[in-house]
Amino acid sequence: MTAVAVLEAAPSLSTQARWATIDTLTIARRNLIVWYRVPAYIFFSVVQPVIFVLLFRFVFGGAIPVKGTTYVQYLLPGIIGQTAAFASFGTAIALAQELQKGVIDRLRSMPMARSAVLTGRLVADTVRMLITILIIVAVGYAVGFRFTNGVLPALWMILLATVFGIAICCIAAFTGLAIGDEESVQSFGLVWLFPLTFVSSAFVPISTMPGWLQAFANNQPVTHVINAMRALALGHLPVQANMLKSIAWLAGIFIVFIPLSVRAYKRAA
């Protein structure tokens, strides 16, 4: 009789989903408050990409010829892609910090959805990333960049950059939880993320690289995503092939690293 009463009193799936959504939004709000109250986060998220735009536009732009367009048109999609990827530093470092300080253990002890720690972090990172991308676009317009393929492709470009950033954040969430040390996580992020973004089509045409390096640059996710973004923004490049390759890479990252992140979270907490 008691067991039947307990089963009858159990919340429905819709109620559980509603509670999980509320918990996710609560954690996301907490993470966003930390973001705008800590100057270091704002610097690495917003100020650093702006510096990259100005540096490449006015220091290196005159020395890097690009066939068929101006360098600022070529540059900005690359900067946006790099910014979305580098935003994952905040994810990895924040999770490592919370793991070290026992915050994740305290959150798990509360009557809340266990998934909210990870989903709330990703929601907050998505908002943070979107705001940063829009700021970079505004700075790009100030220094001469223009969308030349219409409004809808421009919106698709921003969406693709955001999804790309979320995918990299999934990798960062796994590394942050698996390594668990702030300094080690930061060093590891530099080791794999810097080569991946710079050895790509983000800043220079791949044809200018040595042959052995072109093989890597032409077959890695950052290049495909940035090429798709550039095609959407400018309109004179093939969109479909680059978009399909980008979707394939992003789907693969999500399929591999979401389960790994969940597993690392369960083991770490």
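Residues numbered from 1 in each chain as written. Predicted model: local features only at pLDDT ≥ 70, side-chain atom pairs only at ≥ 80, totals over all residues. Heavy atoms only, no water.

Regarding its fold elements, the chain presents 12 helices and zero strands. Helices (α) and strands (β) of the chain occur, in sequence order from the N terminus, as α-α-α-α-α-α-α-α-α-α-α-α. Referenced to the eigenvectors of the C-alpha coordinate spread, the extents of the chain come out at roughly 75 × 35 × 35 Å. Across the 269 residues of the chain, 48% fall into the buried class. Expressed as a percentage of contacts within the chain between residues at least 6 apart in sequence, the contacts between residues at least 24 apart total 78%. (Helix = DSSP H or I, 4+ residues; strand = E, 2+ residues; numbered from the N terminus. Buried < 20%, exposed > 50% of the residue type's maximum accessible area, 1.4 Å probe, protein only. Contact = heavy atoms within 4.5 Å.)

With that settled, consider the packing of aromatic side chains. Counted by the stated rule, this structure contains 10 aromatic pairs. Taking the centre distance of 5.1 Å and the plane angle of 80 degrees together, the rings of F145 and F147 count as edge-to-face. By relative accessible area, which is 18% here, F147 ends up buried. Put simply, the rings of F52, F56, F86, F194, F198 and F203 touch in pairs and so form one group of aromatic residues. Taking NZ or CZ as reference, R230 lies 3.6 Å from the ring centre of Y74, over its face. (Phe/Tyr/Trp six-rings, centres within 6.5 Å; stacked < 30°, edge-to-face > 60°. Lys NZ or Arg CZ within 6 Å of the ring centre and 35° of its normal.)

Averaged over all residues, the pLDDT of the chain equals 84, while 94% of them reach at least 70. The weakest mean pLDDT in the chain belongs to helix α1 (residues 2–9) at 50; the strongest belongs to helix α11 (residues 221–234) at 93. (pLDDT = per-residue confidence, 0-100.)

Y71, I80, M157, L160 and F164 are the most contacted members of the largest nonpolar core, which totals 53 residues. Of all the secondary-structure elements, those providing two or more residues to this core are α3 (39–60), α4 (71–86), α7 (116–142), α8 (151–179), α9 (182–198), α11 and α12 (240–268). Of the residues forming this core, the biggest block, 11 residues, is contributed by α8. Beyond its immediate stretch of four places on either side in the chain, I80 contacts I133, I136, V137, M157, A161 and M229. By size, the runner-up hydrophobic cluster in this structure holds 15 residues, among which are L107, L177, A264 and Y265. (Core = buried A, V, L, I, M, F, W, Y, C linked by side-chain atoms within 4.5 Å.)

On to empty space enclosed by the protein. Any space left empty among the atoms is revealed by the rolling of a water-sized probe across them. Within this structure, the stated rule accounts for two cavities of 30 Å³ or more. Taken as a whole, the largest cavity encloses approximately 80 Å³ of empty space. When residues of the lining of the largest cavity are traced back to their parent elements, those giving at least two are α5 (88–101), α8 and α9. Here the lining of the largest cavity gets five residues from one element, more than from any other, and that element is α9. Taken together, the residues of the lining of the largest cavity break down into seven nonpolar, four polar and no charged. (1 Å grid on protein atoms, 1.4 Å probe; cavity = no way out; pocket = protein on both sides within 12 Å on 5 of 7 lines; lining within 4 Å. Points joined across faces, edges and corners; volume = space filled by probe spheres on them. Nonpolar A, V, L, I, M, F, W, Y, C, P; charged D, E, K, R; others polar.)

Before going further, it helps to spend a moment on the packing of α4 against α11. Geometry of a packed helix pair, given as the angle between the helix axes and the separation of the axes. In contact at an axis separation of 9 Å, α4 and α11 are set at 130 degrees when each is read in the N-to-C sense. Between α4 and α11, the interaxial angle falls into the category oblique. As for how α4 packs across α11, the hand of that crossing is right-handed. Contacts between α4 and α11 involve Q73, Y74, P77, G78, I80 and G81 from the first element and I226, M229, R230, A233 and L234 from the second. Split into classes, the residues belonging to the contact of α4 with α11 amount to seven nonpolar, three polar and one charged. (Axes fitted to C-alpha atoms, helices over the stretch in contact; angles between N-to-C directions. Parallel < 35°, antiparallel > 145°, perpendicular 65-115°, else oblique. Left-handed = near helix turned anticlockwise from the far one by under 90°.)

Moving on, we come to the packing of α5 against α9. Interhelical geometry of α5 versus α9 gives an angle of 160 degrees and a closest axis separation of 9 Å. Looking at the two axes, α5 sits roughly antiparallel to α9. In terms of crossing hand, the pair formed by α5 and α9 is right-handed. Residues S88, F89, A92, I93, A96, Q97 and Q100 of α5 touch α9, and the partners they reach there are E182, V185, Q186, G189, L190 and L193.

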